[in-house]
Amino acid sequence: ALLLLAGCGGGGGGGSASTASSSAPASGIQERTIKAGIGLNEDHPEGQGLKKFAELVSEKSGGKLKVIPYYAAQLGDDKKMTEALQAGTQEITIPSTSPLVGDIKEYAIFDFPFVFNEEKEAHAVLDGPLGQKLLEKLPAHNLIGLGYWENGFRNLTNSKHPVATAEDFKGLKIRTMQNQVHLEAFSALGANPSPMAFSEVFSALESRTVDGQENPLATIKSNKYNEVQKYLSVTKHVYTPFVFLVGKKFWDKLSPEEQQILRDAAAEAGKYQRELNQTENQKALDELKAAGMEVNEVSAEEKARMQEIIKPVIDKFAKEIGEDLVKEMYDEVAKVRK
Ligand code: TK8
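Only a predicted model underlies this, so the values are computations on that prediction, with no experimental measurement involved. (Residues numbered from 1 in each chain as written. Predicted model: local features only at pLDDT ≥ 70, side-chain atom pairs only at ≥ 80, totals over all residues. Heavy atoms only, no water.)

Some points on the site of the ligand
Near the ligand, the surroundings consist of Gly39, Leu40, Asp78, Ser96, Asn151, Arg154, Arg175, Met177, Phe198, Asn215 and Phe242. Within the side chain of asparagine 151, one N or O atom sits 2.9 Å away from an oxygen atom of the ligand. Within the side chain of arginine 175, a nitrogen or oxygen atom sits 2.7 Å from an oxygen atom of the ligand. Across the complex, the protein chains shield 98% of the 300 Å² of accessible surface that the ligand would expose by itself. Of all the cavities here, the one that holds the ligand is the largest cavity. (Near = heavy atom within 4 Å. Polar contact = N/O pair within 3.5 Å; in protein donor to acceptor, adjacent residues only side chain to side chain. Areas by Shrake-Rupley, 256 points an atom, 1.4 Å probe, with all protein chains shown as cover. 1 Å grid on protein atoms, 1.4 Å probe; cavity = no way out; pocket = protein on both sides within 12 Å on 5 of 7 lines; lining within 4 Å. Sits in = over half its atoms within 2 Å of the grid points.)

See the structure below:
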């Protein structure tokens, strides 16, 4: 099961923190409209998960809590929506953790390449004490985290040539997320990375402002990158999660009963979302091939070489983040592998 913030009130949100003019604490379930925006399309598992979340919230609240989903970055990219949550002008978003790293540096552990081999290893870390510890850092930034959904293992696409060896990265202009670990890791491999909001990627690929990008297969498919990218290299170089965020200003206005409805729905829809995501990621490879992409695998030896080249970057960030935390992640992965 997805792990939820422990303790009542989720990081100090309970009871007395009301800033409303009326001093009576919220109780019961009120009529509320909740704007929930994501970067991916409705047909992507993240979109389907959000839809499921909206249905569950409606069911559990007898129709009083209405979640209005906005897909495909209609409300802005991950960073902008997160800021809207902090400002109290939007209630929910489910961004990648990577652009959050500017605020919460510890989230960079999920940007370390080649840590996880399988989804279940990532889930163990995210749903365990480490994932929880990171959720607890959110309230200080006016955010409440209700658990982790899945984007998944990222793979490289580009318009120039197949990438099968570490040397093949040389000179490739690659769009990365707005995240320092990704930037420095791709630089170390000799690529020429440029950080960019997700909503700008398709046109940057189309106009050849960049040669390539990297995302999970279901995302590549849903966003039709096959129309503007010839080569798909199954690098599986990093697993990045989504974090389910609620604005703390909004959260603090909710009654405990309403908060519980959102927690339960986020966990239930998240379970559904992860399952769907894995099915979609498996199907997407064949579909992308059928759509004309040239697909290549990357050998374990070459991945090990890439990992070796990136190591100084990772060591540097591990020091900045805290080596104990990083060790905790590797220990958890080792436990799952045993
Ligand atoms: C969608 C993003 C996207 C991420 C990216 O909002 O930016 O490449 O993989 O899924 O979070």
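Okay, back to it.
Let's talk about the packing of aromatic side chains
Taken as a whole and assessed by the stated rule, the structure comprises 10 aromatic pairs. With centroids separated by 5.3 Å and ring planes inclined at 55°, the aromatic side chains of tryptophan 149 and phenylalanine 244 adopt a geometry described as tilted. With a gap of 95 residues between them, tryptophan 149 in strand β4 (residues 143-158) and phenylalanine 244 in strand β8 (residues 231-247) connect regions that are remote in the sequence. We classify tryptophan 149 as buried; its relative accessible area is 0%. Overall, the relative accessible area of 0% leaves phenylalanine 244 in the buried class. By the ring-pair criterion, three or more aromatic residues cluster together here, those being Phe53, Trp149 and Phe244. Seen from the ring of phenylalanine 153, lysine 236 lies directly overhead, with NZ or CZ sitting 4.6 Å from the centre. The cationic tip of lysine 316 hangs over the ring face of phenylalanine 317; the distance from NZ or CZ to the ring centre is 4.8 Å. (Phe/Tyr/Trp six-rings, centres within 6.5 Å; stacked < 30°, edge-to-face > 60°. Helix = DSSP H or I, 4+ residues; strand = E, 2+ residues; numbered from the N terminus. Buried < 20%, exposed > 50% of the residue type's maximum accessible area, 1.4 Å probe, protein only. Lys NZ or Arg CZ within 6 Å of the ring centre and 35° of its normal.)

What about empty space enclosed by the protein?
Taken as a whole and assessed by the stated rule, the structure comprises 2 cavities of 30 Å³ or more. By volume, the largest cavity is sized at about 180 Å³. The wall of the largest cavity is formed by 19 residues, among which Asp78, Ser96, Arg175, Met177 and Phe198 lie closest to the centre. Elements represented by at least two residues in the lining of the largest cavity include exactly α2 (78-87) and β4. For the lining of the largest cavity, the class distribution of residues is 8 nonpolar, 5 polar and 6 charged. Empty space within the second largest cavity amounts to approximately 110 Å³. As for the second largest cavity, its lining consists of 14 residues, and the residues nearest its centre are Pro113, Ala185, Phe186, His237 and Ile310. Broken down by secondary-structure element, the contributors of at least two residues to the lining of the second largest cavity are α5 (180-188), β8 and α10 (300-321). Ranked by residue count, the leading element in the lining of the second largest cavity is α5, at 4 residues. Taken together, the residues of the lining of the second largest cavity sort by class into 10 nonpolar, 3 polar and 1 charged. (Points joined across faces, edges and corners; volume = space filled by probe spheres on them. Nonpolar A, V, L, I, M, F, W, Y, C, P; charged D, E, K, R; others polar.)

Section: the packing of helix α3 (residues 119-127) against helix α11 (residues 323-337)
With their axes 9 Å apart at the nearest point, α3 and α11 run at an angle of 130° to one another. Judged by the inter-axis angle, α3 sits oblique to α11. The two elements α3 and α11 meet at a crossing, and its hand is right-handed. On the side of α3, the interface is formed by Lys120, Glu121, Ala124 and Val125, while α11 contributes Met329, Glu332, Val333, Val336 and Arg337. (Axes fitted to C-alpha atoms, helices over the stretch in contact; angles between N-to-C directions. Parallel < 35°, antiparallel > 145°, perpendicular 65-115°, else oblique. Left-handed = near helix turned anticlockwise from the far one by under 90°. Contact = heavy atoms within 4.5 Å.)

Quick notes on helix α9 (residues 256-290)
The terminal C-alpha atoms of α9 lie 50 Å apart, and with 35 residues this matches the ideal 51 Å at 1.5 Å per residue to within 8%. Taken as a whole, α9 carries its principal kink of about 30° at alanine 284. Just beyond α9, the residue with positive phi is glycine 292, at close to 105°. (Expected span 1.5 Å × (residues − 1). Bend = angle between axes of the 7 residues up to and from the residue.)

Describing the side chain of aspartate 211
Looking at where aspartate 211 falls in the secondary structure, it is placed in the loop between α6 (201-206) and β7 (212-215). Ignoring sequence-local partners within four residues, the contact set of aspartate 211 consists of Thr157, Asn158, Ser159, Lys160, Gly171, Leu172, Lys173, Leu205 and Gln229.

In short, the description is geometric, and any link to function would need to be established separately.
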